[in-house]
Amino acid sequence: MRIGIVGGGITGLTAAYELAKRGHEVSLFESEPDLGGQAATFPVEGTRLEKFYHHIFTSDREMIALIEELGLAEEMRWLPSKVGIYYEGEIYDFVTPLNLLRFRPLGLLQRLRTGIVTLYLQQFANWRNLENVTALEWVRRNVGQQPYEVIFRPLLRGKFGQYADEISMAWLWSKFKHRVASRGPAMQRELLGYMEGSFQRLIDRLEERIGELGGEIYPGSPVKRVIIEGNRVTGLEIESTEGETPVEHRFPLVIATVPSFVFLEIVPDLPEAYVARLRQVEYLGAVCLVLLSKEPLSRIYWLNISDTDFPFVGAIEQTNLIPPEAYNGKHIVYLSNYLSRHDPHYHLPPQDLLTTYLPFLKKMNPAFNEAWVEELWLFRADAAQPIITCDYSERIPPLWTPVEGLYLANTSQIYPQDRGMNYSVRLGQRAAEIVERVEKGETL
Ligand SMILES: Cc1cc2nc3c(=O)[nH]c(=O)nc-3n(C[C@H](O)[C@H](O)[C@H](O)COP(=O)(O)OP(=O)(O)OC[C@H]3O[C@@H](n4cnc5c(N)ncnc54)[C@H](O)[C@@H]3O)c2cc1C
């Protein structure tokens, strides 16, 4: 069957690959000149680097299996993570139980309590019981106000910005469960996975395999409109370059992997109730300022910022995971913030952001000097993070849409796990499987 896929991120590429393997004729349309979506990369110092920091966990089963299937296992590197918390002028290591025991911003009893509750959460299975309570309420009640402020809120702010206090405990539970599954015996260290030469290797290999299986990929081809006739999808209208009239491609089946607000822009005349359902899920955007520096900022890979006066919520120093030798001896730091795409700060140019961030970088490392920064890049992702508030499961949009032959698979359907490439792989595989079964006439 001829199948059109909208979006060349991990979900779209995986769905295209799976369907091509099953003998379907797939055509994938990506609006950007490069594939990869939120996992896309750019050139840095003779290699590639993700626009937004990326690693995987040892518990990311589907992603690891896909990497193996594509013959890329040899290119995976598993490296000990260095996670820390920046609190009132000091950087604290925060990986092992011992780090928690030594964490001075909390009293001894609070540290013990945090440890016990963390252990409890790792054993806890029925996340549905945590769905209708915010992490704020749950942690305050079971651990205390101070641990929430110092440890848990920074973690939530690092993903949900101003919405941190509204996030469901089910999401936080899943985060703990997932992170712990990625740790070794006695939780003494956590291993994080990264590909030699960046995850571009995976994107390229997917593109190559889809081509070998007869699929077609069109980067730089924004879908303007999904064509619907008599409540059945019949094709895609692609915006053409240089103001020519849009090009139509006919497909009896379409999988859209774009964020829900984009889906609503390209699909006309959807029923009101369905539109309202999609609008129930809101997204936060991510702003990432990437610094190429002569010197390191800190010794930590992933630093959650606990101080709320900071204008960024995380400092992720790539070269504290992958040594600087991979980047001609330079150091790479991502300064990340999660904001609404409607917030004026979201649109600030890179140099203005650096100027705002400078006094805070000096707080973190008094020796930090603007002259260290050799290059600066700014990347924004409009739909970086669906906002997972209480009872989210009731608002998840289904893969099925009210239009026959039209399916939607995007990050808003990933729950209770934190969205990530592993779950996009899983979603792409699931979409491919469901689409095939439904079109074969199976009732699911
Ligand atoms: C700051 C940040 C850090 C992250 N860190 C990690 C990490 O460490 N580990 C991890 O596993 N995951 C991480 N992720 C998440 C991961 O990148 C995403 O979950 C995953 O890449 C989402 O893939 P997707 O294909 O579902 O969506 P997207 O990547 O958003 O893909 C959708 C695609 O659709 C395209 N598109 C939009 N409109 C149109 C149109 N009209 N026509 C055609 N194409 C269109 C877009 O350009 C995009 O390429 C991170 C994400 C962000 C933002």
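Residues numbered from 1 in each chain as written. Predicted model: local features only at pLDDT ≥ 70, side-chain atom pairs only at ≥ 80, totals over all residues. Heavy atoms only, no water.

(A) Focus on the overall build of the protein chain. Assigned secondary structure in the protein chain consists of 12 helices and 20 strands. A compact globule built from 444 residues would reach a C-alpha radius of gyration of about 22 Å, and the protein chain, at 22 Å, matches this within 12%. Seen through its principal axes, the protein chain has C-alpha atoms that stretch 65 × 50 × 45 Å. In the protein chain, of all internal contacts separated by at least 6 residues, the share reaching a separation of at least 24 is 69%. Of the roughly 18,600 Å² of accessible surface on the protein chain, a fraction of 50% belongs to carbon and sulfur atoms. Positive and negative side-chain charges of the protein chain, numbering 45 and 57 respectively, have mean locations separated by a distance of 7 Å. (Helix = DSSP H or I, 4+ residues; strand = E, 2+ residues; numbered from the N terminus. Rg over C-alpha atoms; globule rule 2.2 N^0.38 Å. Contact = heavy atoms within 4.5 Å. Areas by Shrake-Rupley, 256 points an atom, 1.4 Å probe, with all protein chains shown as cover. Lys, Arg positive; Asp, Glu negative; His and termini not counted. Charge placed at Lys NZ, Arg CZ, Asp CG, Glu CD.)

(B) Spotlight on the packing of aromatic side chains. The full count for this structure, using the stated rule, is 22 aromatic pairs. Taking the centre distance of 5.4 Å and the plane angle of 80° together, the rings of Y194 and F199 count as edge-to-face. A relative accessible area of 2% means that Y194 is categorised as buried. With relative accessibility at 1%, the residue F199 sits in the buried group. Aromatic pair Y392 and Y415: ring centres 5.1 Å apart, planes at 50°, arrangement tilted. (Phe/Tyr/Trp six-rings, centres within 6.5 Å; stacked < 30°, edge-to-face > 60°. Buried < 20%, exposed > 50% of the residue type's maximum accessible area, 1.4 Å probe, protein only.)

(C) Expanded view of the site of the ligand. The full set close to the ligand counts 29 residues, and T11, E30, Q38, H54 and M421 are the nearest of them. One nitrogen or oxygen atom from the side chain of H54 is found 2.6 Å from an oxygen atom belonging to the ligand. Contact distances for the ligand include 2.8 Å between a nitrogen atom and a backbone N or O atom of H55. In isolation the ligand exposes 1,000 Å². Once the protein is present, 91% of that is buried. Of all elements in the fold, only α1 (10-21) and α12 (421-439) reach the threshold of two or more residues within the shell around the ligand. Residue classes in the shell around the ligand are distributed as 13 nonpolar, 13 polar and 3 charged. (Near = heavy atom within 4 Å. Polar contact = N/O pair within 3.5 Å; in protein donor to acceptor, adjacent residues only side chain to side chain. Nonpolar A, V, L, I, M, F, W, Y, C, P; charged D, E, K, R; others polar.)

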